[in-house]
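Fold and geometry: a report
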Amino acid sequence: METITTKYPEVKNYVGGQYVTSQRETMNIDSPLTGEIISKLPLSNYDDLDLAVKAAAAAFPIWSGMTYKERVQIFFRYRSLLEKNMDELTKLVQLENGKVYDEAKAEIEKSMELCEFAVSMPQIISNEVQEVSRGVECRIEKKPLGVVASIAPFNFPNMVPHWTMPNALVLGNTMIMKPSELVPLSAMRMAELLKEAGLPDGVFNVVNGGKEIVEAICDHPGIKAVSFVGSTKVAQIVYKRATSNLKRCVALGGAKNHLLVLPDAHPDMTASNVVASMSGCAGQRCMAAAVMVGVDKVQHIIDKMVDEAKKIVPGKNLGSVISKAAKERIEGYITAAEKAGAKVLVDGRNCVVEGKEGGFYVGPTILDYVTPEMSVAKEEIFGPVISIIRAKDLDEALKIENASPYGNAAAVFTQSGGLARLVMEKASAGMIGVNVGVPVPREPFSFGGWNDSKFGMGDITGKSSIEFWTQNKKTTIKWNAEAKTNWMS
Ligand code: NAD
């Protein structure tokens, strides 16, 4: 029998404020930094979910009965706990996801910012009241939905769960979190810190597993709304299944972000921004630069990009990709592009980091003279690879960007306000950068793409998420009912 040395005890489910052992089959969790097994997790099923839904439903009346001001007190304390435990949480993200320290730390800092937005909810939520007729008033109050669910991907084990959890809970819902089976440890720590902050049992529950538990979430009649973040293929499956079961759903999918580089762009700033965008978090960001469309004469900028990429040291300022399969997939794309005629300016294949020989590293890769029909130009690679397509003018560049079925982000690098404005107008993406390679909107601005990068109404964070996690209750009131006075006109 295989002996597994786990660095972390076997992951359980977290239901009603307790760890619950699932009797299901388990799977190993590898650290992508070294390839070593660090823990195991249960592949939960419908019955495991049902326990969590019952716990969340039992907690809902008390939690939703509290005022916003009471609920946010817990999140003030929780945010402080994130800060206090920053180093430990950062190292946990590193261990399970493979990021370098500063990237993992930035993730925790972003989680704190998401909590800051959530604690401002009493200031943001203003229910509407108006005297619609003499003596008669109409009011609208935002009410929570009940038990809701959040399904997360592997690439931001701490931050993406915070896109949904603080807002949904502060608005009065109770939640089932389903982390990626590749990185469940950060979500389990979230549950522990929420309890330490004073969150009542059952308000936040974690159910671990893969496809089966996602399907169970879409089907369970006790769950009112489902948010999903992951690949487009699964986002479509989840959106269709959850809405066919009459649930509210917002499902964020994959991306193929195009950066349009114009000849007048600032060379140093552009080169460092483009390379940082494509290689940060080992390219495993839905906001990463995937295609650079070089318009007209941009060779001087490409030369600088090559210099920038060569400064990157895997294992030091470039983390690992998530798995051996991911490394093989990414390297396969580079080889296919080379065979199809692309020029490999910087080659990240066969990357080995001394002392971490078992880790799944891919070095930064720049491919030039890519054509729009190559697989590297069309498909999401999710690794530190950028494909440069040459275009004669901005019209052609915009046509290339517009042809992508995705629409998460797009950016333009130029010093011309007029041309930047044109790209802002014409690019077919939900988040646009002007001289910004990773145009993530900061709170209170909401996050979400277009086209095949998002299914469902609204965005997942910020003010837009308030609509998603609440329903309006409309009340009409007549206070003075004296018979002789016709108040209701
Ligand atoms: P994924 O789609 O493989 O997994 C996401 C979640 O879905 C996981 O919890 C997983 O357990 C579950 N899942 C996987 N296959 C399933 C199936 N067949 N049926 C039901 N559930 C299933 O995504 P990933 O590999 O974890 O994350 C990377 C992807 O997420 C990339 O495509 C990336 O662009 C995307 N992403 C998008 C955003 C965004 O904001 N648009 C943000 C982060 C990541």
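Residues numbered from 1 in each chain as written. Predicted model: local features only at pLDDT ≥ 70, side-chain atom pairs only at ≥ 80, totals over all residues. Heavy atoms only, no water.

Close to the ligand lie 27 residues; Lys 178, Glu 181, Ser 231, Gly 253 and Glu 380 are nearest. Between the ligand and the protein, one listed contact pairs an oxygen atom with a side-chain N or O atom of Glu 181 at 2.5 Å. In the environment of the ligand, an oxygen atom lies 3.2 Å from a nitrogen or oxygen atom belonging to the backbone of Gly 230. Look at the ligand: alone it shows 840 Å² of surface, and the protein chains cover 88% of it. Only helix 8 (211-219) and strand 10 (225-229) provide two or more residues apiece to the shell around the ligand. (Near = heavy atom within 4 Å. Polar contact = N/O pair within 3.5 Å; in protein donor to acceptor, adjacent residues only side chain to side chain. Areas by Shrake-Rupley, 256 points an atom, 1.4 Å probe, with all protein chains shown as cover. Helix = DSSP H or I, 4+ residues; strand = E, 2+ residues; numbered from the N terminus.)

Between helix 2 (residues 68-84) and helix 7 (residues 185-196), the least distance of the axes is 9 Å, while the angle of their chain directions is 125°. Relative to helix 7, the element helix 2 lies oblique. Crossing geometry of helix 2 relative to helix 7 is assigned as right-handed. In contact with Phe 75, Tyr 78, Leu 81, Leu 82 and Lys 84 of helix 2, helix 7 contributes Met 190, Leu 193, Leu 194 and Glu 196. Looking at side-chain class alone, the contact of helix 2 with helix 7 contains 7 nonpolar, no polar and 2 charged residues. (Axes fitted to C-alpha atoms, helices over the stretch in contact; angles between N-to-C directions. Parallel < 35°, antiparallel > 145°, perpendicular 65-115°, else oblique. Left-handed = near helix turned anticlockwise from the far one by under 90°. Contact = heavy atoms within 4.5 Å. Nonpolar A, V, L, I, M, F, W, Y, C, P; charged D, E, K, R; others polar.)

Now for the pairing of strand 12 (residues 257-261). Within strand 12, 5 of the 5 residues are buried, which leaves the element mostly enclosed by the surrounding structure. Here strand 12 shows a buried face lined by Asn 257, Leu 259 and Val 261 and a second buried face lined by His 258 and Leu 260. For the crossover from strand 12 across helix 10 (residues 267-279) to strand 13 (residues 289-295), the handedness is right-handed. Relative to strand 17 (residues 409-413), strand 12 runs parallel, the two sharing 4 bridges. Bridge pairing links Leu 259 to Ala 411 in strand 17. (Buried < 20%, exposed > 50% of the residue type's maximum accessible area, 1.4 Å probe, protein only. Right-handed = clockwise from strand over helix to strand, strands pointing away. Pairing = 2+ DSSP bridges.)

A separate point is the confidence of the model for the protein. Where the model shows low pLDDT, its predicted coordinates should not be examined in detail. Put simply, the protein has an average pLDDT of 95, and 97% of its residues get 70 or more. Taken together, the stretch residues 1-5 has pLDDT below 50 and engages in 6 contacts with residues farther than four places along the chain or on a different chain. (pLDDT = per-residue confidence, 0-100.)

The contact between helix 2 and helix 4 (residues 101-119) brings their axes to 9 Å, and the two run at 165°. By the criterion of interaxial angle, the relationship of helix 2 to helix 4 is roughly antiparallel. In the crossing of helix 2 with helix 4, the sense of the turn from one axis to the other is left-handed. The residues of helix 4 that touch helix 2, namely those facing Val 72, Phe 75, Phe 76, Tyr 78, Arg 79, Leu 82 and Glu 83, are Ile 108, Ser 111, Met 112, Cys 115, Glu 116, Ala 118 and Val 119. By residue class, the composition of the contact of helix 2 with helix 4 is 10 nonpolar, 1 polar and 3 charged.

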